[in-house]
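Letter by letter, the chains look like this.
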Amino acid sequence: MPKRSPSSLDPRAPLVLDTRDLPRRPGALRTHRRVVPAPADLGVELITVPVGADLDLDLRLESVSEGVLVSGTITGPVQGECGRCLREIDYSVAVNVQELYAYANSTTDDTTDEDEVGRMQDDLIDLEPALRDAVVLTLPTNPLCREDCPGLCPECGVHWDDLPADHSHQQTDPRWASLSQLNRTEE
């Protein structure tokens, strides 16, 4: 008996894979290539995959004794802002996924915790949790527009690259102003 009773999956959902054409004998293999829209909230605070953006799935579904092993690559765009200078960031990310989805009533139910292994519902696999884990864990929590981004001037908020080399906000204490003048006359 399965440890949980998951809600019913919609076989027409973009991230639900149907395995009816995959024989249930170890070694049987099918490939799936498709483009699907990105689900909502696929990212972290400063960088994310835009909702509805095209995600390219290049997957391999392989029958194993306990279920179906899904492995492959997911590629898609990410957008956000630099954690130092707040400039826009726009690039493509490719992540590898590998997840076992256990057959209902397999020995995996007895040997693993509920959230250790994905579970199949009839012949359907919900790929979204594995996709979400793979993509979100790949994204940087503090993204940079470039590795050596100098950031913003803390005083005026202008990007350091746009400021002259001698840029300064140094203010002299008026009590010491006359002493600074003495130093200049000696030079």
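The following refers to the structure shown. This structure is a prediction, so every number in the text was calculated from the model and none was measured. (Residues numbered from 1 in each chain as written. Predicted model: local features only at pLDDT ≥ 70, side-chain atom pairs only at ≥ 80, totals over all residues. Heavy atoms only, no water.)

**Some thoughts on the overall build of the protein**
We count it as follows: Put simply, DSSP H or I for four residues or longer makes a helix, DSSP E for two residues or longer makes a strand, and each gets a number counted from the N terminus. Here the term buried applies to any residue with accessible area under 20% of the maximum for its type, exposed to any over 50%, and partly exposed to those in between, with areas from a 1.4 Å probe on protein chains only. Any two residues whose heavy atoms approach within 4.5 Å are treated as being in contact. Using a 1.4 Å probe, accessible areas were evaluated by the Shrake-Rupley method; residue-level cover was limited to the displayed protein chains.
What the protein contains, in helices and strands, is three helices and nine strands. Each helix (α) and strand (β) of the protein, taken in turn from the N terminus, gives the series β-β-β-β-β-β-β-α-β-β-α-α. For the protein, buried positions account for 32% of its 187 residues. Within the protein, counting contacts between residues at least 6 apart in sequence, those at least 24 apart form 59% of the total. About 11900 Å² of surface is accessible on the protein, with carbon and sulfur atoms providing 47% of the total.

**What to know about the pattern of salt bridges**
Basically, it comes down to this: The salt bridge definition used is simple: a Lys or Arg side-chain nitrogen within 4 Å of an Asp or Glu carboxyl oxygen.
Enumeration over the complete set of coordinates arrives at nine salt bridges. In this structure, Asp 123 engages Arg 24 in a salt bridge whose closest nitrogen and oxygen atoms are separated by 3.3 Å. In this pair, Asp 123 is assigned in the loop between strand 8 (118–119) and strand 9 (124–126) and Arg 24 in the loop between strand 1 (16–18) and strand 2 (29–37), connecting sequence segments 99 residues apart. Overall, the relative accessible area of 26% leaves Asp 123 in the partly exposed class.

**Some words on the side chain of Gln 121**
The test is simple: Identification of polar contacts relies on pairs of N or O atoms within 3.5 Å, with a donor-acceptor requirement for protein atoms, meaning one able to donate a hydrogen and the other able to accept it, and with residues adjacent in sequence counted only if both atoms are side-chain atoms.
Positionally, Gln 121 belongs in the loop between strand 8 and strand 9. In this structure the side chain of Gln 121 is engaged in a polar contact, spanning 3.3 Å, whose partner is the backbone nitrogen of Leu 9.

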